[in-house]
Amino acid sequence: MDFTADSLLSRAAHELSPRADELIHDVEQCLRREVPELWDEPDIAQMTGDNVAEHVVAILFGIEHGIEPRRIDPPAADAERARRLAQRGKPVTAMLRAFRLAQGLVLDRLLEELPRLTSDAEPMNAATRKLIALATEYLDRASETGVLAFQDERDRQVQWRLSVVNEASVRVGTTLDIARTAQELADLATERFADAVTVDLLDTSSGDEPLAKGTLVVRRVAQQSVTDGYPETTYLEAIYREAPVPPQQLQRYPDGSPPARALVTGRPSRHHLGPSASMLLVPLCARGTTLGVAQFFRHHKPDAYGDEDLLLAQEIAARAAVAIDNARRYTHARATALTLQRSLLPRSTPAQSAVEVACRYLPAAAQLGVGGDWYDVIPLSGARVALVVGDVVGHGIHAAATMGRLRTAVRTLADIDLPPDELLTHLDDVVIRLSAEVSSEVSAQTDTESAGDIGATCLYAVYDPVASRCTLARAGHVLPVVLTRDGTADILELPAGPPLGLGGLPFEAAEIDLPEGSLIALYTDGLIEALDHDIETGLTLLRQALARPAASLEATCDNVLEALLPADRPHDDVALLLARTHTLGDRQVATWDVDADPAEVARARASVSEQLTTWGLEELDFTTELVVSELVTNAIRYGRPPIQLRLIHDRTLMCEVADAGSTTPHLRRARVFDEGGRGLFLVAQLTEHWGTRHARHGKTVWAECALAAPELFSDAAALDVAGIPGVV
């Protein structure tokens, strides 16, 4: 029988068609050996087998019926299968190599059929050439279709992955809160490519660096699922053989478990959990430190995780890890600054009878950091008390440190009983010196937070419970509010003073009467300033909150903060100091005018002894008479009239001698043969404290005695009073 090349090929294809299943099986076996990456996943293997079968059937049908290669319809799902390979991260070379291997095997089988049909070499050669050309053209068309679909899917995936990464850079790390940053990672992943996500961070019990890699104690800081509840925990139980972990709870990964290996090695991995479930494990690493691990689960989506998904998870996790590390470092720095500031603030208010106080300090929101607001309550001589509120410009550890230095300076200046306006003048000099020190170090500083001038505001008030008067001065600070006993809250108008640190401008004090039961509120501007209202509105809210009845002063503090501050952290630091005034009446204060005559010393002692008997303090009679003798004698000898003696019975017994002179007595060490100079030494030994305070005109020398006789002189006979110079 004579054959042409076309008829010979058609007959060969016809003879081979009944054995197509055998040919398909041989092609599959060849591809399994040579291209194993197309068979390592069940669904990809099924798709590859279907693809082989359809291509073999199509090429045999086309050759048998003499259809030109360009007219042979490729399998309908050919392009979709190429896209699936791209989605799974399979290389395009695997697809092309599979086409070549399958082509070679089909050609071999067709060529084997030709000698069985004819022995004529000429048609066999022509048929062979045509078969090779036909198969090559068909392969080129199939490869082109597959490559185009593959590349189109790859481009789409790249664009999608870039969009997800870009979205992660916007949505993850919006705050400096560790838990919120981890939750943002979990939320984004579940929206874009995961069914469930957990984020575990190595426990940092010390608050510094994560623990050593061998410890592997982690805390579940975030988790999210696309379904209600958390059904993915069944997979967790199956893998780790333990119950699911609630948020914020510590756990320990078993040695050798996938998360433990990820934490130890720092390498990501993929895992198949079941027929339709898979998991990605991605360590959270930043700046050479492993912070924790993120687990991404998929079981609702039809496709298991592939290498491309792992790369995407790594990119997102890397960004999240940097944000978490930034938040961790900021949290540590903020905690350090907050600890510093709280250590510099008074831990408790000192015991005193002049005022009842309640105070609060609230740091600003996390984005701003700790500020330099402070308050203080300082007992002074004469049963008086100083109330202080201040605000250092800026935030951070430098502002907190500056606040501590200024608070120390205020307490030091208050200890020498300076009037409020003079104290602020000296404090202004302190701020100027601190600012000069900072400016001189700017060139050597790498921390820009420490650069720049130092500024602060301050309000200093001194309340006298004997006179029921308060003296106040302010340095650029907000005005206080006074609530009288009739429930009227008014802003206290004070002379304006410049902020601390400007220099060269005076401060002016004002005196007001504060009857018993009055309430004065000192605060910083963070209390009344807010984004949703102006200062006037804040002052109105403050006055209303103060006027609201409350069970205690502490409750009033809470009412004020609740009325003026948002539910979360305020936008600026807030310091609030409330003081309700008390008075010391005639039953606790005794005053005598003393003439400038040495004979008055004995009468002063007698008056004091009588008053002590009235107060029931006879055990202090000897000590107090000795102190009064010395102070009155010094006033008569070295001071100027008028001279006044005052006793105040409060938590201690206070003796005060005032005169119009400005000479300050000083404690000195008397030599053996000196006749004087021992009086103030005895006063210092017999009393708790003593000192001198100056007024506009004159001075007051004071001493405080404990309400129990000193053991040293509990027996008056043990002391030779007559031998002490200056004791009359």
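Residues numbered from 1 in each chain as written. Predicted model: local features only at pLDDT ≥ 70, side-chain atom pairs only at ≥ 80, totals over all residues. Heavy atoms only, no water.

### Let's talk about the overall build of the protein
Argument step 1. Across its full length, the protein holds 17 helices and 21 strands.
Argument step 2. Here the analysis covers contacts within the protein between residues at least 6 apart in sequence; of these, 69% occur between residues at least 24 apart.
Argument step 3. Of the roughly 34100 Å² of accessible surface on the protein, 52% is carried by carbon and sulfur atoms. (Helix = DSSP H or I, 4+ residues; strand = E, 2+ residues; numbered from the N terminus. Contact = heavy atoms within 4.5 Å. Areas by Shrake-Rupley, 256 points an atom, 1.4 Å probe, with all protein chains shown as cover.)

### Focus on helix 13 (residues 535-547)
Argument step 1. Look at helix 13: 18 Å from first C-alpha to last across 13 residues, which is about the 18 Å you get at 1.5 Å a residue.
Argument step 2. Every buried residue belonging to helix 13 is among Gly-538, Leu-539, Leu-542, Ala-545 and Leu-546, and all of these are buried. Considered in projection along helix 13, the buried side chains sweep an arc of 125° and stay on one side of the axis.
Argument step 3. On its buried side, helix 13 packs onto strand 12 (481-483), strand 13 (489-491), strand 15 (519-523), helix 14 (553-564) and strand 16 (574-581). (Expected span 1.5 Å × (residues − 1). Buried < 20%, exposed > 50% of the residue type's maximum accessible area, 1.4 Å probe, protein only. Arc of directions from axis to C-beta.)

### Description of the packing of helix 1 (residues 5-16) against helix 6 (residues 121-171)
For any two helices packed against each other, the geometry is given by the interaxial angle and the distance between the axes.
Argument step 1. Direction vectors running N to C along helix 1 and helix 6 enclose 75°, while the axes themselves pass 8 Å from each other. Taken together, the axis directions place helix 1 and helix 6 in an arrangement best described as roughly perpendicular. Where helix 1 abuts helix 6, its residues Ala-5, Asp-6, Leu-8 and Leu-9 lie against Pro-123, Met-124, Ala-126, Ala-127, Lys-130 and Leu-131.
Argument step 2. Residue classes in the contact of helix 1 with helix 6 are distributed as eight nonpolar, no polar and two charged. (Axes fitted to C-alpha atoms, helices over the stretch in contact; angles between N-to-C directions. Parallel < 35°, antiparallel > 145°, perpendicular 65-115°, else oblique. Nonpolar A, V, L, I, M, F, W, Y, C, P; charged D, E, K, R; others polar.)

### Re the confidence of the model for the protein
Low pLDDT means the predicted coordinates in that region are not meant to be read closely.
Argument step 1. For the protein, per-residue confidence averages 83 on the pLDDT scale, and residues scoring 70 or more make up 88% of the total.
Argument step 2. Element-level mean pLDDT values for the protein span from 49 in helix 8 (residues 233-240) up to 95 in strand 10 (residues 456-464).
Argument step 3. Residue range residues 238-242 is modelled with pLDDT below 50. Its contacts to residues more than four positions away, or to other chains, number 14 contacts.
Argument step 4. Low pLDDT (under 50) marks residues 713-728, which in the prediction has 18 contacts with non-local residues, meaning those over four places away or in another chain. (pLDDT = per-residue confidence, 0-100.)

### Section: unusual backbone geometry
Argument step 1. With an omega dihedral of 0°, the bond running from Pro-641 to Pro-642 counts as a cis peptide bond.
Argument step 2. Relative to the helices and strands, Pro-642 resides in the loop between helix 16 (621-638) and strand 18 (643-649).
Argument step 3. The phi angle at Ser-468 is positive, at roughly 55°, despite the residue not being glycine.
Argument step 4. Relative to the elements of secondary structure, Ser-468 occurs in the loop between strand 10 and strand 11 (469-475).

### What about the nonpolar core?
Argument step 1. Counting residues in each nonpolar core, the largest one holds 59 residues, and the members touching the most others are Trp-374, Leu-387, Leu-406, Leu-424, Leu-427, Tyr-460 and Leu-577.
Argument step 2. Sequence-distant contacts of Leu-387, defined by excluding residues within four places in its chain, comprise Val-355, Val-357, Asp-376, Val-377, Leu-459, Tyr-460, Ala-461, Ile-520, Leu-522, Leu-577 and Ala-579.
Argument step 3. In this structure, Ala-12, Ala-13, Cys-30 and Met-47 belong to the second largest nonpolar core, which totals 50 residues. (Core = buried A, V, L, I, M, F, W, Y, C linked by side-chain atoms within 4.5 Å.)

### A closer look at the pairing of strand 1 (residues 196-202)
Argument step 1. Burial analysis of strand 1 places seven of its seven residues in the buried class, the great majority of the element.
Argument step 2. Every second residue of strand 1 is oriented toward a common face, with Ala-196, Thr-198, Asp-200 and Leu-202 on one face and Val-197, Val-199 and Leu-201 on the other, all of them buried.
Argument step 3. As defined by bridge partners, strand 1 adjoins strand 6 (residues 289-298) across six bridges and the pair is classed as antiparallel. Each bridged residue has a counterpart across the sheet, and for Val-197 the counterpart in strand 6 is Phe-296.
Argument step 4. Here strand 1 runs beside strand 2 (residues 217-225); their pairing, made up of seven bridges, is antiparallel. Within strand 2, the residue paired with Asp-200 across the bridge is Arg-220. (Pairing = 2+ DSSP bridges.)

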